[in-house]
Amino acid sequence: SVGTSGKSEDYKDLFPDRAATLAVNADIYEEGIDATYNALKVAKHPRLQIVAPVSPSRMEYDYHKKPDAMLDAIKNAITHAKSLCDEVEFIANDATRADNAFLKTVLKEAILAGANVVSISDTAGVMLPEEMYRFIEDITKDVPALLSDEIVFGVSCSDEIHIADASALSAIRA
């Protein structure tokens, strides 16, 4: 969270000599990205995070968008964020419930649009460890850029059924 004023000057002295990256979620709309960047830009290592749902139910419920419209919104958001900030992360929210072909297309397009950090989120937290292993193995086979030196690839596991640690380890193993 940025704070109530939203002015980047309010935060410039928080971590003056830290090498840490300050990553902040931004909206998929330009106004939200701009507001987030204006508060974030004084950080030594800023990262804009574009978080967007990729499952049919979350795309429809959260943004009232069909897959093609969501894909365009994601590409536009990342392109705009990249014009402001060198480090842009795309977080595929609810990825484990997405259509697999659509998810792979979104990940490829996010990278082409400029995302240099890509994270897949098991938002629902219902994927079992072996399923997570196969899921990540399949995605990285078809989107090999995720394993390149130019991309930082991450996986987020919700702990709804208390197996997030095991699922995360399975993702790493894949």
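Cut-offs used in this document
- Residues numbered from 1 in each chain as written.
- Predicted model: local features only at pLDDT ≥ 70, side-chain atom pairs only at ≥ 80, totals over all residues.
- Heavy atoms only, no water.
- Salt bridge = Lys/Arg side-chain N within 4 Å of Asp/Glu carboxyl O.
- Helix = DSSP H or I, 4+ residues; strand = E, 2+ residues; numbered from the N terminus.
- Buried < 20%, exposed > 50% of the residue type's maximum accessible area, 1.4 Å probe, protein only.
- Right-handed = clockwise from strand over helix to strand, strands pointing away.
- Pairing = 2+ DSSP bridges.

S.K.: A description of the pattern of salt bridges should follow, citing residues and the corresponding values.
M.R.: Per the stated rule, a full pass over the model turns up eleven salt bridges. Arg 47 is paired through a salt bridge with Glu 87; the nearest N and O atoms lie 2.4 Å apart. In this pair, Arg 47 sits in strand β2 (residues 46–53) while Glu 87 sits in the loop between α3 (67–84) and β3 (88–93), placing the two residues 40 residues apart along the sequence. Across the pair Lys 75 and Glu 109 runs a salt bridge, and its minimum N-O distance is 4.0 Å. Residue Lys 75 is located in helix α3, and its partner Glu 109 is located in helix α4 (residues 100–113); the two are separated by 34 residues in the primary sequence. Using a relative accessible area of 24% as the deciding quantity, one classes Glu 109 as partly exposed.

S.K.: Lay out the pairing of strand β4 (residues 117–122) with the relevant residues and their values.
M.R.: Most of β4 is tucked away: six of the six residues are buried. Every second residue of β4 is oriented toward a common face, with Val 117, Ser 119 and Ser 121 on one face and Val 118, Ile 120 and Asp 122 on the other, all of them buried. For the handedness criterion, the β-α-β arrangement of β3, α4 and β4 is classed as right-handed. Relative to strand β5 (residues 152–157), β4 runs parallel, the two being bridged by six bridges. Looking across to β5, one finds that Ile 120 is bridged to Val 155. This β-α-β element, β4 to helix α5 (residues 129–142) to β5, shows right-handed connectivity.

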